[in-house]
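Each chain, letter by letter, is given below.
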Amino acid sequence: MNILLALSLTHMLNDMLQSVVSAGYPVIKDNLHLTFGQIGIIAFVYQICASVFQPAFGVLFDNKPKPWYLSLGSSSTLVGLLILAFAHSVYTVAVAVAFIGLGSSIIHPEASRLTHYASGDKHGLAQSIFQVGGNFGGSMGPLLAALIIAPYGQKYMVVFAGIAILSILSKRPITKWYTERIRILKTKDAPKETIHRVRLTKHQIYYSLVLLLVLVFSKYVYMAGLSNYYTFFLIEKFNVTTQQSQIFLFVFLFASAAGTLIGGPTGDRFGRKYVIWLSILGTAPFSLLMPHANLFWTCALSIIIGFVLSSAFSAILVYAQELLPTKVGLISGLFFGLAFGIAGVAAAVLGNVADHHGIEYVYKFCAYMPLLGFVAIFLPNVKPRRAKRAQN
């Protein structure tokens, strides 16, 4: 449990630093006189760097395990934050967010992979603990941006570079544990580990993975609109200040963090298919109402949406890991990478749509995405069987 908590802390610090970037977009936009389209391109660069490399890193981590990968990811984030603090053009900002995204593309598959191995038989619970750290950290970013960046300016991003240094130092217990684990697994007397194999054909496994990817698509297109443009939506529609909009974003992301704890353990007990189905499709009534609500109900609906929708990813990820239990790093990298990639492309597209049709149009369009959650009905119910095999 101590290692799971340490990995959750790693995820929390990483996602807190990552979310500072999107929360700081209004300040960067005003400071550098950027358009929504340029903000979309910046978000695209960040999300692509945080996604394209993840499956490749996942394969590397499966085949060449090393205890220092997590620290390498945090070091890349540190470099990006230092550049971002003093960026003076859209190109410099793009370079900065590329480093930050690369750090995330290292940390997510590796930390998720280690979470799987440290979980025992409670994979859903372990992933929820891991995910809640990330979601809680992600929710703190906008609040810290409202307290530090909005009133004092872009250069105060350097404060978060200091947090990145603390993040590197905090990984020592994980590094020590995994160094010992690698040493033991390389010995002839390495203990055999339990692997859960699902009773599905290869065709059914690939079919299920495609359905899961569709569900990730629906979730993260909608989340791209909320996380990247929610502050702009509130500012434009309700004339709130930048600081106030960042606090509203914090409330939404905090609700998302709270909801994360539900999906994993509920999936362990009742089946991941039902959690995925209800989480995504169950968001649709609230997402369809939100673009037409006043400020109070917009905030209230965002809390419900964040809480309900956030329970999906832990269940989706564990479901996919159980489909291919010997490729945990690859699956983690693929699904985290796809989530970031979809969000990046969506952010760029939605930014240009907002320039031409307005922010409210974007929210009305994105509101329909959770309806794709109906495809979860076609996921097979799986009951893992146990087999013995040693793995890294």
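Look up a bit, the structure's there.
## Thoughts on the overall build of the protein chain
Move 1: Of the regular secondary structure elements, the protein chain holds 17 helices and two strands.
Move 2: By the compact-globule yardstick of 21 Å for 392 residues, the protein chain fits well, its C-alpha radius of gyration being 20 Å.
Move 3: When the backbone C-alpha atoms are referred to their principal axes, the protein chain occupies close to 65 × 45 × 30 Å.
Move 4: Taking all 392 residues of the protein chain together, the buried fraction comes to 59%.

## Digging into the packing of helix 10 (residues 202-238) against helix 15 (residues 311-323)
Move 1: Look at helix 10 against helix 15: their axes get within 10 Å of each other, and the N-to-C directions meet at 160°. One way to sum up the angle between helix 10 and helix 15 is to call them roughly antiparallel. For helix 10 against helix 15, the interelement crossing comes out left-handed. Between helix 10 and helix 15, the residues in contact are I205, S208, L209, L212, L215, V216, K219 and Y220 and A312, F313, I316, Y319, A320 and L323, respectively.

## Quick look at empty space enclosed by the protein
Move 1: In this structure the tally under the stated criterion is two cavities of 30 Å³ or more.
Move 2: Its volume calculated, the second largest cavity comes out at about 40 Å³.
Move 3: Lining the second largest cavity we find L13, N14, L17, S74, T77, I107, A164 and S167.
Move 4: Elements with a contribution of two residues or more to the lining of the second largest cavity: helix 1 (2-23), helix 5 (69-85) and helix 8 (158-169).

## Some details on helix 6 (residues 90-117)
Move 1: Here helix 6 contains 28 residues, and its C-alpha end-to-end distance of 41 Å stays within 8% of the 40 Å for a straight helix at 1.5 Å per residue.
Move 2: With respect to burial, helix 6 is a largely interior element, 23 of its 28 residues being buried.

## A short note on the environment of K364
Move 1: Its location among the elements puts K364 in helix 17 (residues 359-366).
Move 2: For the pair formed by K364 and G153, sequence separation is 211 residues and the distance between their alpha carbons is 32 Å.
Move 3: Filtering out sequence-adjacent residues up to four positions away, K364 remains in contact with P291 and H292.

## Observations regarding the nonpolar core
Move 1: L212, L215, Y230, I276, I316, F335 and Y363 are the most contacted members of the largest nonpolar core, which totals 103 residues.
Move 2: It is helix 10 that contributes the most residues to this core, 17 residues altogether.
Move 3: Setting aside anything within four residues of it in sequence, one finds L212 in contact with I276, I316, Y319, A320, L323, F335 and L379.

## Looking at unusual backbone geometry
Move 1: Positive phi outside glycine occurs at H33, with the angle close to 55°.
Move 2: Overall, the relative accessible area of 68% leaves H33 in the exposed class.
Move 3: Backbone geometry places N239, a non-glycine residue, at a positive phi of 60°.
Move 4: Tracing the chain through its elements places N239 in the loop between helix 10 and helix 11 (242-270).
Move 5: Accessibility expressed as a relative area gives 66% for N239, which makes it exposed.

## So, helix 8
Move 1: When the terminal C-alpha atoms of helix 8 are compared, their 17 Å separation across 12 residues agrees well with the 16 Å that a helix rising 1.5 Å per residue should span.
Move 2: For helix 8, the elements touching its buried residues are helix 1, helix 5 and helix 7 (123-152).

## Examining the packing of aromatic side chains
Move 1: This structure, assessed with the given rule, holds 11 aromatic pairs.
Move 2: With a centroid separation of 5.8 Å and 45° between ring planes, the pair formed by F250 and F254 is classed as tilted. Taken together, the residues F250 and F254, both in helix 11 and four residues apart, mark about one turn of the helix.
Move 3: Accessibility expressed as a relative area gives 38% for F254, which makes it partly exposed.
Move 4: Each residue in the set F233, F238 and Y363 is aromatic and connected to the rest through ring pairs, giving one cluster.

## Observations regarding the packing of helix 1 against helix 5
Move 1: Two elements in contact, helix 1 and helix 5, have axes whose closest approach is 11 Å; the angle formed by their N-to-C orientations is 20°. Considered as vectors, helix 1 and helix 5 are oriented roughly parallel to each other. Crossing handedness for the pair helix 1 and helix 5: left-handed. Contacts from L7, N14, L17, Q18 and V21 of helix 1 reach helix 5 at L70, T77, L81 and L84.
Move 2: Partitioned by chemical class, the residues of the contact of helix 1 with helix 5 number six nonpolar, three polar and no charged.

Calculation rules
- Residues numbered from 1 in each chain as written.
- Predicted model: local features only at pLDDT ≥ 70, side-chain atom pairs only at ≥ 80, totals over all residues.
- Heavy atoms only, no water.
- Helix = DSSP H or I, 4+ residues; strand = E, 2+ residues; numbered from the N terminus.
- Rg over C-alpha atoms; globule rule 2.2 N^0.38 Å.
- Buried < 20%, exposed > 50% of the residue type's maximum accessible area, 1.4 Å probe, protein only.
- Axes fitted to C-alpha atoms, helices over the stretch in contact; angles between N-to-C directions.
- Parallel < 35°, antiparallel > 145°, perpendicular 65-115°, else oblique.
- Left-handed = near helix turned anticlockwise from the far one by under 90°.
- Contact = heavy atoms within 4.5 Å.
- 1 Å grid on protein atoms, 1.4 Å probe; cavity = no way out; pocket = protein on both sides within 12 Å on 5 of 7 lines; lining within 4 Å.
- Points joined across faces, edges and corners; volume = space filled by probe spheres on them.
- Expected span 1.5 Å × (residues − 1).
- Core = buried A, V, L, I, M, F, W, Y, C linked by side-chain atoms within 4.5 Å.
- Phe/Tyr/Trp six-rings, centres within 6.5 Å; stacked < 30°, edge-to-face > 60°.
- Nonpolar A, V, L, I, M, F, W, Y, C, P; charged D, E, K, R; others polar.

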